[in-house]
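A look at the structure
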Amino acid sequence: MIISEDISVIGIQVEYLKEIITPHGIFNIIIDQDFILGDNVFVDLYSVISFLKESLSEGLVRLEQGKVPEIGSTPLSKIDFSGETPGSLIYLDFGELSNKGFVFHLGFNGKYERLIYSLDNEETYREKIYQRGTIRNLIEAIPDCDKLKSIRRNEMISLTDLKDM
């Protein structure tokens, strides 16, 4: 299952493969047509999805309360990541994927948002700039695990779909 308005810009892939107490499968972020996190084939989808949605929700509450100032156009090289998440960023928790060295933050600059991320245990950072609301809409569009189902077409082919609710 691909979640995106424009997959060539950014999207999320969720594939529900197997129930092991909780749903497990594939979770990738697709940035500029590259699969990020793609080497993690089998993850606890409940952990990844629920932690991600919860961290975004908590961060947006702090933003609305004025506790997350805009980061503006501060160059990436000038942001101090040596301690905890800088106060001008929202930490996006990807559950067990965060424990594997994938770290994502969301900052704001007027009509834009900055997705700042590290794929190597915070040794280096990258960033992408999107229209404000892009990341929020993408994360909020991810179905909760209890709404996912795996459809087995044959021995070799399965699909991820939404349960009829």
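Check the entry above for the structure.
Rules behind the numbers
Residues numbered from 1 in each chain as written. Predicted model: local features only at pLDDT ≥ 70, side-chain atom pairs only at ≥ 80, totals over all residues. Heavy atoms only, no water. Helix = DSSP H or I, 4+ residues; strand = E, 2+ residues; numbered from the N terminus. Rg over C-alpha atoms; globule rule 2.2 N^0.38 Å. Contact = heavy atoms within 4.5 Å. Areas by Shrake-Rupley, 256 points an atom, 1.4 Å probe, with all protein chains shown as cover. Lys, Arg positive; Asp, Glu negative; His and termini not counted. Charge placed at Lys NZ, Arg CZ, Asp CG, Glu CD. Pairing = 2+ DSSP bridges. Axes fitted to C-alpha atoms, helices over the stretch in contact; angles between N-to-C directions. Core = buried A, V, L, I, M, F, W, Y, C linked by side-chain atoms within 4.5 Å. Buried < 20%, exposed > 50% of the residue type's maximum accessible area, 1.4 Å probe, protein only. 1 Å grid on protein atoms, 1.4 Å probe; cavity = no way out; pocket = protein on both sides within 12 Å on 5 of 7 lines; lining within 4 Å. Points joined across faces, edges and corners; volume = space filled by probe spheres on them. Nonpolar A, V, L, I, M, F, W, Y, C, P; charged D, E, K, R; others polar. Patch = residues over 30% accessible without salt bridge, like charges linked within 9 Å, V, L, I, M, F, W, Y side chains within 5 Å. Salt bridge = Lys/Arg side-chain N within 4 Å of Asp/Glu carboxyl O.

**Things to note about the overall build of the protein chain**
Along its length, the protein chain carries three helices and eleven strands. Counting helices and strands in the order they occur from the N terminus, the protein chain gives β-β-β-β-β-α-β-α-β-β-β-α-β-β. What you see for the protein chain is a C-alpha radius of gyration of 16 Å, in line with the 15 Å of a compact globule of 165 residues. Structurally, the protein chain occupies a C-alpha span of about 50 × 35 × 30 Å along its principal axes. Long-range contacts, defined here as pairs at least 24 residues apart, represent 42% of the contacts in the protein chain between residues at least 6 apart. As displayed, the protein chain has an accessible area near 9200 Å², and 49% of this comes from carbon and sulfur atoms. Counting 17 positive and 27 negative side-chain charges, the protein chain places the centres of these two groups 3 Å from one another.

**Quick notes on the sheet that holds strand E9 (residues 126–131)**
Spatially, four strands are ordered E6-E7-E8-E9 in an open sheet, and the strand pairing comes out antiparallel. With one partner strand each, in any of the chains shown, strand E6 (90–92) and E9 form the two edges of the open sheet. Direction aside, neighbouring strands of the sheet carry axes that sit 25° apart on average. Alignment of E6 against strand E7 (residues 103–109), held across three bridges, turns out to be antiparallel. Across the sheet, Leu92 pairs through a bridge with Phe104, a residue of E7. The strands touched by helix H1 (residues 45–64) are E6 and E7; relative to E6, the strand with the most contacts, the crossing angle is about 175°.

**Let's talk about the nonpolar core**
If you look at the biggest cluster of nonpolar residues, it comprises 37 residues, and the most contacted ones within it are Phe27, Leu92, Phe94 and Phe104. Of all the secondary structure elements, the ones that give two or more residues to this core are strand E2 (10–20), strand E3 (22–31), H1, E6, E7, strand E8 (112–118) and helix H3 (134–140). With seven residues, H1 is the largest single contributor of residues to this core. Those residues within four positions of Phe27 in sequence are excluded, and the remaining contacts are Ile12, Gln13, Val14, Leu37, Val43, Leu45, Val48, Ile49, Leu52, Phe94, Leu97 and Ile142.

**Concerning the layout of surface pockets**
To find leftover empty space, one rolls a probe the size of a water molecule over the atoms. Here the largest pocket defines a volume of roughly 230 Å³. Around the largest pocket, the lining residues are Ile3, Ser4, Glu5, Asp6, Val9, Ile10, Tyr130, Gly133, Thr134, Asn137, Leu138 and Ala141. Looking at the lining of the largest pocket, the element that brings in the most residues is strand E1 (residues 2–6), giving four residues. Classifying every residue of the lining of the largest pocket by side-chain character gives six nonpolar, four polar and two charged.

**Some remarks on empty space enclosed by the protein**
Evaluated as defined, the whole model comprises one cavity of 30 Å³ or more. Empty space within the largest cavity amounts to approximately 70 Å³. What lines the largest cavity is Ile10, Gly11, Ile12, Ile29, Leu52, Leu92, Phe94, Phe104, Leu115, Ile135, Leu138 and Ile139. Listed by contribution, the elements that provide at least two residues to the lining of the largest cavity are E2 and H3. Its residues placed into classes, the lining of the largest cavity shows eleven nonpolar, one polar and no charged.

**Some thoughts on a nonpolar patch on the surface**
On the surface, a nonpolar cluster with roughly 410 Å² of combined accessible area is contributed by Leu17, Ile20, Ile21 and Phe42. Of note, Phe42 is situated in the loop between strand E4 (34–36) and strand E5 (43–44). You can call Phe42 partly exposed: its relative accessible area is 39%.

**Some details on the environment of Val43**
Mapped onto the secondary structure, Val43 falls in strand E5. With 53 residues separating them in the primary sequence, Val43 and Glu96 have C-alpha atoms 7.5 Å apart. The residues touching Val43, leaving out its near neighbours within four places in the chain, are Pro23, His24, Gly25, Phe27, Val48, Glu96 and Leu97.

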